[in-house]
Amino acid sequence: MSEQESQEQLLHLLSGKWVTAAIAAAAELGIADQLAALPLTAAELATRCKADERALKRLLRVLCGEGLLELDENARYHLTELGRQLCDGELRTLARFVGAPFMWNPWPALAAQVQDPSRSAFERTHGSALFEYLDADRHAASLYHAAADEFTRRQARALCDAFDFSPLERIVDIGGGLGTVLTELTQRYPALRCVLYDRPPVIEQARRVLSAAPHVEPRIEVVAGDFFSGVPAPADAYLLKHVLHNWDDEHALRLLRACRAGLRADGYVLIVESLRLPGNVRDATALMDLEMLVLCGGGYERSKPEFRRLLGQAGLRLHATRVLVAGVRLMVATPRAHAASEA
Ligand code: SAH
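A short tour of the structure in this document, coming up. Since the structure is predicted, the reported quantities are computational estimates derived from the model, not experimental observations.

## Some points on the overall build of the protein chain
Okay, so step 1: Looking only at helices and strands, the protein chain has 17 helices and ten strands in total.
Okay, so step 2: Based on the C-alpha atoms only, the size of the protein chain along its principal axes is roughly 70 × 55 × 35 Å.
Okay, so step 3: Scored against the burial criterion, the 343 residues of the protein chain give a buried share of 46%.
Okay, so step 4: Excluding contacts between residues fewer than 6 apart, the proportion of contacts in the protein chain whose partners are at least 24 apart in sequence is 64%.
Okay, so step 5: Just so you have it, the protein chain exposes about 17,300 Å², and 53% of that area is on carbon and sulfur atoms.

## Description of the site of the ligand
Okay, so step 1: Taken together, 18 residues surround the ligand, and among them Thr152, Gly175, Asp198, Asp226 and Lys241 come closest.
Okay, so step 2: Separating a nitrogen atom of the ligand from a backbone N or O atom of Gly175 is a distance of 2.8 Å.
Okay, so step 3: Asp198 is positioned with one of its side-chain polar atoms (N or O) 2.6 Å from an oxygen atom of the ligand.
Okay, so step 4: Bound to the protein, the ligand loses 96% of the 570 Å² it would expose on its own.
Okay, so step 5: Ranked by the residues each element gives to the shell around the ligand, the list is headed by helix 12 (residues 138-162), at three residues.
Okay, so step 6: Along the lines of polarity and charge, the residues of the shell around the ligand split into six nonpolar, eight polar and four charged.

## Description of the packing of helix 12 against helix 13 (residues 180-188)
Okay, so step 1: The N-to-C vectors of helix 12 and helix 13 enclose an angle of 35 degrees; their axes lie 8 Å apart at closest approach. Here the hand of the crossing between helix 12 and helix 13 comes out right-handed. Residues Asp149, Thr152, Arg153, Ala156, Arg157, Leu159, Cys160 and Asp161 of helix 12 pack against Thr180, Val181, Glu184, Leu185 and Arg188 of helix 13.

## Quick word on a positive patch on the surface
Okay, so step 1: There is a patch of like positive charges on the surface, built from Arg54, Lys57, Arg58 and Arg61.
Okay, so step 2: Topologically, Arg58 is positioned in helix 5 (residues 53-65).

## Regarding the nonpolar core
Okay, so step 1: The biggest cluster of nonpolar side chains holds 45 residues, and the ones touching the most others in it are Phe102, Ile174, Leu240 and Leu256.
Okay, so step 2: Not counting residues within four places of it along the chain, the set of residues in contact with Leu256 comprises Leu240, Leu244, Val269, Ile271, Leu310, Leu311, Ala314 and Leu316.
Okay, so step 3: Core analysis: the next-biggest nonpolar cluster, separate from the first, contains 35 residues, Tyr189, Ile203, Val222 and Leu324 among them.

## Some remarks on the state of the cysteines
Okay, so step 1: By the definition in use, this model includes zero disulfides.
Okay, so step 2: The structure places no disulfide on Cys87, whose sulfur is separated from the nearest cysteine sulfur, that of Cys49, by 12 Å.
Okay, so step 3: For Cys87, a relative accessible area of 15% translates into the label buried.
Okay, so step 4: Free cysteine: Cys259, not disulfide-bonded; nearest cysteine sulfur from Cys194 at 16 Å.

## Points about the side chain of Asp173
Okay, so step 1: Tracing the chain through its elements places Asp173 in strand 4 (residues 170-174).
Okay, so step 2: Sequence-distant contacts of Asp173, that is, excluding residues within four places in its chain, are made with Val181, Leu182, Val195, Leu196, Tyr197 and Leu239.

The rules behind these values
- Residues numbered from 1 in each chain as written.
- Predicted model: local features only at pLDDT ≥ 70, side-chain atom pairs only at ≥ 80, totals over all residues.
- Heavy atoms only, no water.
- Helix = DSSP H or I, 4+ residues; strand = E, 2+ residues; numbered from the N terminus.
- Buried < 20%, exposed > 50% of the residue type's maximum accessible area, 1.4 Å probe, protein only.
- Contact = heavy atoms within 4.5 Å.
- Areas by Shrake-Rupley, 256 points an atom, 1.4 Å probe, with all protein chains shown as cover.
- Near = heavy atom within 4 Å.
- Polar contact = N/O pair within 3.5 Å; in protein donor to acceptor, adjacent residues only side chain to side chain.
- Nonpolar A, V, L, I, M, F, W, Y, C, P; charged D, E, K, R; others polar.
- Axes fitted to C-alpha atoms, helices over the stretch in contact; angles between N-to-C directions.
- Left-handed = near helix turned anticlockwise from the far one by under 90°.
- Patch = residues over 30% accessible without salt bridge, like charges linked within 9 Å, V, L, I, M, F, W, Y side chains within 5 Å.
- Salt bridge = Lys/Arg side-chain N within 4 Å of Asp/Glu carboxyl O.
- Lys, Arg positive; Asp, Glu negative; His and termini not counted.
- Charge placed at Lys NZ, Arg CZ, Asp CG, Glu CD.
- Core = buried A, V, L, I, M, F, W, Y, C linked by side-chain atoms within 4.5 Å.
- Disulfide = S-S within 2.5 Å.

Shown next, in the form of structure tokens:
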């Protein structure tokens, strides 16, 4: 690559900030939903989005340039297939989450954290760790759980297909958020008794969500608490989905040991996480790993050998791994004594 091409490539990479911000703003304003029914002029769109027409036009120009919108000869904006992905649903929620100030603002502190990792960029910016911050800010918490949930819904269906829960009696979802996985499980496995365990403010929100689904609510016991002080026991299976990656090895080990202690002899610890791949390729898990650094400090995306070692220290063994959806795996761990074979 010539020097000029390298410079252009770097400038292109740096422009990612503006593109991300433009997409997040489009999601916030609901532009895609307005254009989904019919193409509109900038003036019509400005009225519907309560926006200033001239400023909106500048945003729309960038969205056209990035291939989300197209402008026709009658000055009407159309959604492209790419732009349609920003209609109400999982990617719009994700775009709003990525652009939300509480998530965006910590990133400039990344360099400082890399030099001194004793405090996460999130903590440097907001003065408290991620989950304490969410406990105190309802709006941020509901956006956080909505973003996590959109993906969790799809992963929950894949989890029910990937593992046979029918021999189990009692499953505890540790850090289970709003109960999305357990809701899916109760529908697929009517005999299963489920326990949702999370921080008190999250459980409060989960109670409201679950009470809106009356056929589900009585089947899910909700328990509020701090998982570093203990976990509900006993269980035939503990589910840890996107929880361990928030924590350093010391905390992850405490959690796994608590699960091991509460597990029935023939039980399972079910871990759902992305696996970090060897090498330095550009992959989504490496980017998520950086997100964990910025948000959680000690949390990181682990490789399979790293999981295996951690499980071993907790008296568990990796029994099998299965792909759920792109990049996300189910790891089935069992107490050391009864693991029949190793993955
Ligand atoms: N398992 C869910 C949520 C993952 S996000 C999913 O995959 O969608 C991590 C979860 O861990 C959050 O719901 C958070 O509230 C919970 N959590 C964090 N610290 C906790 C603690 N000390 N005790 C209990 N839950 C905790």
